[in-house]
Amino acid sequence: MTKNPDQSPCKILIKYTLMAIAKMENCMEYPFSAIEAKWQKIWQDRKIANAPDGGDKPKYYVLSMFPYPSGVLHIGHASNYSIGDAITRLKLMEGYNAMQPMGYDSFGMPAENYAIMHNSHPRITTEEHIANMRKQFDGMGFLLDWEREVSTCRPDYYHWGQYIFKKLYEDGLVYRKKSFQNWCEECNTVLANEQVEDGRCWRCGSEVEQKELEQWYFRITDFAEELLDFSDVVEWPERVMTMQKHWIGFSEGTRIEFPLEADGTLIPVFTTRPDTIYGVTFMALPPEHPLVQKWLAEEPENHALHDFCKKVINEDKVLRGSAETTKEGIFSGRYCINPLNKHKVQIWVTNYVLMDYGTGAVMAVPAHDQRDFEFARKYDIPIKVVIQNWEQNLVAEAMQEAYIEPGIMANSEHFDGIPSEDAKSKITAWIADNAWGEATKTYRLRDWGISRQRYWGNPIPIIHCPKCGIVLVPDEDLPVLLPDNVQVGKTTSNPLLSVPEWLNVKCPQCGEDARRETDTMDTFVDSSWYYARYADPKNDKLPFDPAKAKYWLPVDQYIGGIEHACMHLLYARFIYKFMRNMGWVEGNEPFARLLTQGMVLKDGAKMSKSKGNTVDPQYIIDRFGSDTLRVYLLFASPPEKDVEWNDDALMGAFRFLNRIHRLIEGNLDAIKQGLAFEADVDKLSSEMKGLLFSSHHCTKKWLDDSLQRMQYNTAIAAIMEHLNKCVAIKNPQSLNEDELAVYAEACGIIPQLLYPFAPHLAEELWQMMSFEGLLHESGLPGYEEKYLVQDTVTYVIQINGKLRGKMEVPSDMDTESLKAEALKVDNVARSLEGAEIKKIIVVPGKMVSIAAKL
RNA sequence: GCGAAAGUGGCGGAAUUGGCAGACGCGCUGGACUUAGGAUCCAGUAGGUUCACUCCUGUAGGGGUUCGAGUCCCCUCUUUCGCACCA
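Predicted, not measured: the structure shown is a model, and the values here were computed from it.

> Can you tell me about the overall build of chain A, naming the residues and giving the values?
Scanning chain A from N- to C-terminus turns up 29 helices and 35 strands. Dimensions of chain A, computed from the C-alpha atoms along their principal axes, are close to 105 × 85 × 75 Å. Per-residue burial over chain A gives 53% buried out of 854 residues. If you take every contact in chain A between residues at least 6 apart in sequence, the share linking residues at least 24 apart comes to 71%. Carbon and sulfur atoms make up 51% of the accessible area of chain A, which totals about 38,800 Å². Within chain A, the 121 negative side-chain charges are centred at a point lying 2 Å from the centre of the 93 positive side-chain charges.

In C-alpha cells:
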C-alpha cells in the first residue's frame, strides 16, 4: 500500500489552515449565510408570503406542481421552485396580490414502499419527510404561503376527495366495470393506460400484465370533445396541447351493425372508411370480445379456439400492442352478413384488434387496409377490390400491398363509378337511411380507471351491501378514514381486506351487515383538484368556498414537468370542467399559462440515486448560499430547457454575486452621496453618459426578458453586463456631483434587478444603501426613453451584404447625408473603386447597405 | 412507420420584427498581485490568412428568395421527444 505524501494529515492541516487565514484576510466571500438567515426571518415575520383572499390589488396565482415528499429537496425541486419564486417576486414588485402555495402529493406507493422498507408506518415517515422538506424550502428562501399548505394524505384533504368522488358518482361520471387491466405485479396494483410506458410500469419499470378485474372508472371520455378545445388557455406550450390532442385521438367515421348469420345478433363495428364496405371479406374480433367469450363458454370442447384466446390474452402482454407483432388468428366457424350487399362474411378471432377502441370489432377490408391485407394473405381469405386507382389497373391477386389511397368506386353496386371520397358520405347516408348504422365519432382516450389495490391512498367512499348493492357513504360519515393498523407489505390481495373492524360496516341504507370498498383512489385523483383547495385550504364544510375559488382561479402561471402532459394535466382539466358544471369554479381551464420546465441533468442523464449522479442542493446552499444556486439554475438556460449540471458554472454565479456585493459595499459612501444629487446630463463625460445609458438600457431589457419573455437567463445576463459597466468606474470617490449621481443610480438599480433571482442579497444591498422598505413593495424599476437616445449612433456599412465599414454619426442625421457619409468611409470608398452603385438602402439607426456592380 | 421540436465556438447559451453572428457566463491562453489560491484585477479567445492593416470562410448539408438569411421557402441528414396494429 502506497501513501501519497500530499495526503498526509500534517500537510492537509497546514494547507487548510493557510487557506482559512487567507480567506479571513481577503474577505473574498460575501457573508451569504448570515444574510440569507436574516432575510428569511424578516420575510416570515412580516408574513409577506401570506396572500389575502381579496383586496385592491389584482391577484396573481403562481403554482409549481407539488412534490412527493421524499424527505429531501433535490436539485430538480430547487430548479423548478426557483422559477416559481422569481415569477412570484416579479409579480409582487409589479403590484399584484401574488400567491404561491405549496403542499405535498403524499399518498401513493413510494410512501408505502418506503415505510415497508424502514419498518415504519407511512403516516409517520411521511410527516417526518414533510417537516424536513419544509425546512429545506425555507432554507431556499422561497416565498411560500404556508398558511395554505395541503397534504393529500391528511384526512382534512382527502375528505374532500371523497366528497368529489361522490359528486362525480351522483352525476353519473363514475362506474364500475369488469375488464382486462394493466397489472403491475411488482406494485401489486393496476395502472391506467397513461401509466404504461412501452409495456412497462411508469414507476417501477417492470412488465405490465393483463388481469381481469372489476374496477372503478371516471367517465373522462364524456369530456373528450371539450378536452380537445384549448381556446380558453392563455399560453400553453404547443407541444403539450399537441400531445393531449394525440392522446385523446379524435376520429370521425361510421358505425355499422353486422347481424350474425345464425341468430341475427348485431355486431357493431366502427370504420373511418365506409367507402370500402363492399370490400369486407371477413370480420376481425379480439379474444376479449363479449361474443367470443360467449362462444368459448358455449364450446368448451373447441380446444383450438380456447388455446388461441388464452394465448393471446395471457402470453402476448407486451408485444401484443406493437405493430411489429405478426398478425395471427383463428376462424371462429361463424359468419355474419354484410347488411349492404347481404354477402356472408367469415368471422375471425385475431390478435390485432383492440377491445377498447371503437366498438372492439373490425370489418376487415384486405384490399384497402394494410393490416387486413397481411392477415388475409396469411390465411387465404379472399381480397376484393372496391376502390380502383386512377389507372384502373388494380387486380386483387397481383396486389403487393393494400391500396389505401382514394380512387373510383368499383364492385359496390349503385355506388360504382363515383370518387371514393364522395362515396364516404353517400354510403353513410345510405346506411343511416336503412337503419344499419350511423355517422359517429370515436376517441382514442379511454375512461380513467382510478381503482388501486393499495393501502396508502384515498379510500373510495363506497359500501357494498348484499341487499342494496353499491351504496355511497353518507356525507356525515365522511371522511372514510384510512385505518392505521394495516398489514402492509407483499400481500396477494388488497391490504385493506386485512382490517376487519374497518372492513365490516352496517349498510347506511338498510342497516344490515355490509363491507367497505377496499380499493383506494389513484393519486392522480388527489392532484386533479389541489390547486383549488389552496384557495380555501381550511374549509371543513366544502372542498373550498366557490367565492374564494372564483377569486383565485384559474392559476395564472403553472409550472411543472412535461412528463405530466397526458396524465396530471389532462385529469386536472377534466375535473376542473366537472367542478365548473357543479358551479364551484368559473371558466373552463384550471391553468391559464403553463411553463414546462426542463430537467437538471448530470453526465447527460437525469439525476437519480440509483445512477449515483446526484448533486445535493443542501451542500450548495451551505457552501455558496441559495442565491447562488438560484442564479446558477436560472442563468444556465431558458427555463423550459434541460440544464447540464456544471460545478464551474456554479462558481461563476457565486463570483457574480460576490462582485455585486463588493461593488456596493466597497463604494457605499460614494453611492449614498450620489443618491442625494441630480445629474446635469449635458455636463457628463462620454464614459458617464455610457453608464447612464447602461442603467436605462439594462432596465428596459430586464423588464422585457423577465416579465414578457420569461427568459431569466438573458435578464441575468443584462445585469451582468451592467455590473461590468459599473465596476469599470475605477475611482468613484473622485467623481463630481453630476457623475456621482449617475454612478449612484447605476449601482442603486441593481438590488431591484437582482431581487427575483437572488432575493436575499438584493434585500441586503437595498437596505445597505438606506432605501426604505422591502423590495417586493418597491415597485418595478423604471427607465426613461430620453436616456436611451444617444447623441451618436454607429452605423454599419455593407456592400453587397458584406461588412465593409462602420461610422459614428449624429443620431439625427438624415438619410441622404447618411448615404453620402457612408460612401466617404475609407474602406468603403476603396472597395467601391471603379464600381457601379445600383442602390443604397438605409436602415435607420443601424446600417447603410450598398448594392453595387463591382 | 406517423407526428412534433431542435441542430450556432472547446462548453451552457445570445441574436425579440430578415439587418454588425457568437451577447453573458464557463473553460482556456498570457500578464499583474502572490508563500499559497475554487481569490482579485488586466488583456485575449469561431476558423483560416497576414508583421500588421486587410481579406477569405463560417450558424448540420445542399439549393432558392433578398441589397442583406442563424432567422423565410424547398430538399437531405442527424438528434430529442411523443404516439405507435386506433380500424
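> Now, about the nonpolar core: what can you tell me, with residues and values included?
Formed by 96 residues in total, the largest nonpolar core has its most connected members in Phe137, Leu629, Trp645, Phe656, Ile664, Tyr743 and Phe757. If you tally residues by element for this core, the top one is helix 3 (residues 75–93), at 9 residues. With 86 residues, the next largest nonpolar core counts Ala51, Tyr455, Ala549 and Met567 among its residues.

> Mind laying out helix 8 (residues 238–248), listing which residues take part and the relevant values?
Each α-helix winds once per 3.6 residues, and so residues spaced three or four apart point in a common direction. Buried residues of helix 8: Val240, Met241, Gln244 and Ile248, and no others. Angular distribution of buried residues about the axis of helix 8 spans 100 degrees; they occupy a single face of the element. Facing away from the buried side of helix 8, by more than 90 degrees, are the exposed residues Glu238, Arg239 and His246. Structurally, helix 8 contributes buried residues whose contacts are with helix 7 (224–227), strand 10 (250–259), strand 18 (437–443), helix 17 (568–581) and strand 28 (591–596). Trailing helix 8 by a residue or two, Gly249 shows a phi angle of about 55 degrees, which is positive.

> Got a sec to walk through the sheet that holds strand 32 (residues 792–799)? Specific residues and values, please.
Within a sheet, neighbouring strands are paired by backbone hydrogen bonds and run either parallel or antiparallel to one another. Across the sheet, 4 strands lie side by side as 33-32-35-34; this open sheet has mixed pairing. With partners counted over all chains shown, the strands left at the sheet margins are strand 33 (802–810) and strand 34 (836–843), one partner each. Each neighbouring strand pair of the sheet contributes to a mean axis angle of 20 degrees, computed without reference to strand direction. Looking at chain direction, strand 34 and strand 35 (residues 847–853) are connected through 7 bridges and run antiparallel. Opposite Ile837, over in strand 35, you have Ala852 as the bridge partner. Its contacts with the sheet put helix 28 (residues 815–824) on strand 32, strand 33, strand 34 and strand 35, and the angle it makes with strand 34 is roughly 125 degrees.

> Give me the lowdown on the side chain of Ser82, citing residues and values where you can.
Inspection of the secondary structure assignment puts Ser82 in helix 3. A distance of 2.6 Å separates the side chain of Ser82 from the backbone oxygen of Ala78, its partner in a polar contact. Sequence-distant contacts of Ser82, that is, excluding residues within four places in its chain, are made with His77, Met140, Phe142, Arg630, Leu633 and Leu634.

> For the pattern of salt bridges, give the residues involved together with the corresponding values.
Per the stated rule, a full pass over the model turns up 46 salt bridges. Measuring nitrogen to oxygen at the nearest pair gives 2.8 Å for the salt bridge that ties Asp145 to Arg148. We classify Arg148 as buried; its relative accessible area is 5%. Through salt bridges that share partners, Asp53, Asp145, Arg148, Asp536 and Lys548 make up one connected network.

> Explain empty space enclosed by the protein to me, using residue names and the numbers behind them.
The full count for this structure, using the stated rule, is 2 cavities of 30 Å³ or more. Taken as a whole, the largest cavity spans an internal volume of roughly 210 Å³. Considering the residues around the largest cavity, the lining is formed by 20 residues, among which Met109, Arg203, Arg452, Asp522 and Thr523 are closest to the centre. Where the lining of the largest cavity is concerned, the elements lending two or more residues are helix 4 (109–117), strand 6 (189–191), strand 26 (520–521) and helix 14 (523–526). Top element by residues in the lining of the largest cavity is strand 6. It accounts for 3 residues. Split by residue class, the lining of the largest cavity holds 9 nonpolar, 6 polar and 5 charged. As a volume, the second largest cavity reaches approximately 80 Å³. What lines the second largest cavity is Ser79, Ile83, Gly598, Leu633, Leu634, Ser637, Pro638, Pro639, Lys641, Val643 and Tyr712. Broken down by secondary-structure element, the contributors of at least two residues to the lining of the second largest cavity are helix 3 and helix 19 (626–636). In terms of residue class, the lining of the second largest cavity is built from 7 nonpolar, 3 polar and 1 charged.

> Which residues make up the domain arrangement of chain A, and what values do they have?
According to the domain assignment, chain A consists of domain 1 (250–443), domain 2 (650–787) and domain 3 (792–853). For domain 2 and domain 3, the distance between their C-alpha centres works out to 36 Å.

> Break down the sheet that holds strand 27 (residues 555–560) for me, citing the residues and quoting the values.
Spatial strand order, 2-1-27-28: 4 strands in an open sheet with parallel pairing. Each end of this open sheet is capped by a strand with a single partner; those strands are strand 2 (97–99) and strand 28. For this sheet, the mean inter-axis angle between neighbouring strands, taken without regard to orientation, is 20 degrees. Where strand 1 (residues 59–64) and strand 2 come together, 3 bridges link them in parallel fashion. When the bridges of strand 2 are listed, Lys59 appears paired with Asn97. Packed on one face of the sheet, helix 3 meets strand 1, strand 2, strand 27 and strand 28 and runs near 170 degrees to strand 1. Across the sheet, helix 17 is in contact with strand 27 and strand 28; its angle to strand 28 comes to roughly 175 degrees.

> So what's going on with the packing of aromatic side chains? Which residues, and what values?
Scanning the model with the defined rule gives 50 aromatic pairs in all. Centroid distance Phe223 to Phe574: 5.2 Å. Interplanar angle 70 degrees. Geometry classified as edge-to-face. Of this pair, Phe223 sits in the loop between strand 9 (208–218) and helix 7 while Phe574 is found in helix 17, placing the two residues 351 residues apart along the sequence. Residue class for Phe574 comes out buried when judged on its relative accessible area of 0%. Centre to centre, the rings of Phe544 and Trp584 are 6.1 Å apart; their planes meet at 90 degrees, and the pair counts as edge-to-face. Pair noted here: Phe544 is in the loop between helix 15 (530–533) and helix 16 (546–552) and Trp584 is in the loop between helix 17 and strand 28, with a separation of 40 residues, a long-range link. For Phe544, a relative accessible area of 2% translates into the label buried. By way of ring pairs, the aromatic residues Phe165, Tyr169, Trp216, Phe218, Phe223, Trp448, Phe524, Tyr571 and Phe574 are connected into one cluster. The lysine or arginine in question, Lys177, covers the ring of Tyr217, its NZ or CZ lying 4.8 Å from the ring centre.

Rules used in this analysis
Residues numbered from 1 in each chain as written. Chains lettered and ligands numbered in written order. Predicted model: local features only at pLDDT ≥ 70, side-chain atom pairs only at ≥ 80, totals over all residues. Heavy atoms only, no water. Helix = DSSP H or I, 4+ residues; strand = E, 2+ residues; numbered from the N terminus. Buried < 20%, exposed > 50% of the residue type's maximum accessible area, 1.4 Å probe, protein only. Contact = heavy atoms within 4.5 Å. Areas by Shrake-Rupley, 256 points an atom, 1.4 Å probe, with all protein chains shown as cover. Lys, Arg positive; Asp, Glu negative; His and termini not counted. Charge placed at Lys NZ, Arg CZ, Asp CG, Glu CD. Core = buried A, V, L, I, M, F, W, Y, C linked by side-chain atoms within 4.5 Å. Arc of directions from axis to C-beta. Pairing = 2+ DSSP bridges. Axes fitted to C-alpha atoms, helices over the stretch in contact; angles between N-to-C directions. Polar contact = N/O pair within 3.5 Å; in protein donor to acceptor, adjacent residues only side chain to side chain. Salt bridge = Lys/Arg side-chain N within 4 Å of Asp/Glu carboxyl O. 1 Å grid on protein atoms, 1.4 Å probe; cavity = no way out; pocket = protein on both sides within 12 Å on 5 of 7 lines; lining within 4 Å. Points joined across faces, edges and corners; volume = space filled by probe spheres on them. Nonpolar A, V, L, I, M, F, W, Y, C, P; charged D, E, K, R; others polar. Domains from an automatic or database assignment. Phe/Tyr/Trp six-rings, centres within 6.5 Å; stacked < 30°, edge-to-face > 60°. Lys NZ or Arg CZ within 6 Å of the ring centre and 35° of its normal.

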